[in-house]
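Per-entry structural report
For reference, the chains in residue letters:
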Amino acid sequence: MPDRMFEHPRLTAIYDALEGERSDLDVYVSAAQDVDARDVLDIGCGTGALALLLASRGIAVTALDPAAGSLEVARRKPGAEQIRWVQGYAGDLPALQVDLVTMTGNVAQAIVDDDDWSLTLARIHDALRPDGCLVFETRIPTRTAWTEWNRRDSLAVREIPGVGRVESWLETTEVNGPVVSFRWTYVFASDGEVLTSNSTLRFRERDEVEGALVEHGFTIREVRDAPDRPGREMIFYAHRDPGIDIR
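Described below are features of the structure shown in this document.

So, how was this worked out
- Throughout, residues of each chain are indexed from 1 in the direction in which the sequence is written.
- Per-residue local features of the predicted model are confined to residues with pLDDT of at least 70, and side-chain atom pairs are confined, for both listing and counting, to 80 or more; whole-chain, interface and lining totals are unaffected and use all residues.
- Side-chain numbers here rest on the full set of heavy atoms in the structure, without hydrogens or water.
- Only strands that DSSP links by at least two bridges are regarded as paired with each other.
- In DSSP terms, a helix is any run of H or I states spanning at least four residues, a strand is any run of E spanning at least two, and both are numbered starting from the N terminus.
- Angular values range over 0 to 180 degrees, each being the angle between N-to-C directions of two axes fitted as lines to C-alpha atoms, with helices fitted over their stretch in contact.
- Residue contacts follow a heavy-atom distance rule, with two residues in contact if any of their heavy atoms lie within 4.5 Å.
- We call two N or O atoms a polar contact when they sit within 3.5 Å, provided that within protein one can donate a hydrogen and the other can accept it, with sequence-adjacent residues counted only if both atoms are side-chain atoms.

**Some words on the sheet that holds strand β1 (residues 39-43)**
What the 7 strands build is an open sheet, ordered β3-β2-β1-β4-β5-β11-β10; its pairing is mixed. With one partner strand each, in any of the chains shown, β3 (84-87) and β10 (218-225) form the two edges of the open sheet. The sheet shows a mean angle of 15° between the axes of neighbouring strands, taken without regard to direction. The pairing of strand β2 (residues 60-65) with β3 spans 4 bridges and is parallel. Note on β3: the bridge partner recorded for T62 is R84. Contacts from helix α9 (residues 206-215) reach β5 (128-139), β10 and β11 (233-240) within the one sheet, and its direction differs from that of β10 by about 150°.

**Some details on the environment of E193**
Tracing the backbone through its elements, the reader meets E193 in the loop between β8 (179-188) and β9 (194-202). As a C-alpha pair, E193 and V166 span 27 residues in sequence and 10.0 Å in three-dimensional space. Residues within four places of E193 in sequence aside, it is in contact with R10, Y186, V187 and F188. A distance of 2.4 Å separates a polar atom in the side chain of E193 from a polar atom in the side chain of R10.

**Focus: unusual backbone geometry**
Backbone geometry places D131, a non-glycine residue, at a positive phi of 70°. Its location among the elements puts D131 in strand β5.

Written out as C-alpha cells, the structure reads:
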C-alpha cells in the first residue's frame, strides 16, 4: 500500500510545496539528453515533476505510480495530457519499449522486498530497448541518514499559499538491519490538524545493487555521486546488455 502522504488529499495537495525546488531531477533530464531518449518510463512518478519536465522537451513519457492520490494531482497539472499515466507497480506495466527508465528520490529504496526488487528489475529489462539505460539513485548506507531523522534536525516550517503555515518533521521508528522505518508528522496551523505518514526504506550496499543489476541483464556503465547530496547518495547508470536475454 502507498504511504499515506501519497494518498491523503490534504497531504498530496501540499507535496510539491514541501519538496520545494527539485534540482535533484537535473540528473535525469541530463540522462535523457545524453542517450537522446525518445521514450521514457518514469517509475514512481509521484505528482509528475520529472514526467512533465521530460514531456515539455518533446519526449514520450509513461509515468507509473501505485498512489492514486499522487496521480490525481499529477493529472491536473498543465501538460499532463501529453503523458501516459499508469497506476500500479512494475508488475502492472503494459508492454513497452523505451530508451530510458528512471527511478527518482526514494523509489528504489522503497522497494523493500527482495522478490519485488527482482521483479522490478526484470520488468525494467523487458521495457528497455537493447542498450537502453536505467538511471536511479539510492542512499549510501554508511552515512546512516536515519540518525538525522528526528524532530530537532528535520523540522521545517513553510507558508503555503492557500493553506497557511505547515510544520513537518520525520522521526526514525525502527532500524532492522538494512531496513529503516520512519514517520512523517504534519501540523496545519490553520486548524491544528495533525497528520502522520509511515514509510520504510531499504539501504542497499553498492555491491548488492551492482550484483542485482548484473543478474538481471544489465551492464553498469557508471556510479556517480549525487550532485545535490554529495557523499550521501549514489546514482547508478546501467544499460540493458543487448547480448543478454534473461527470460
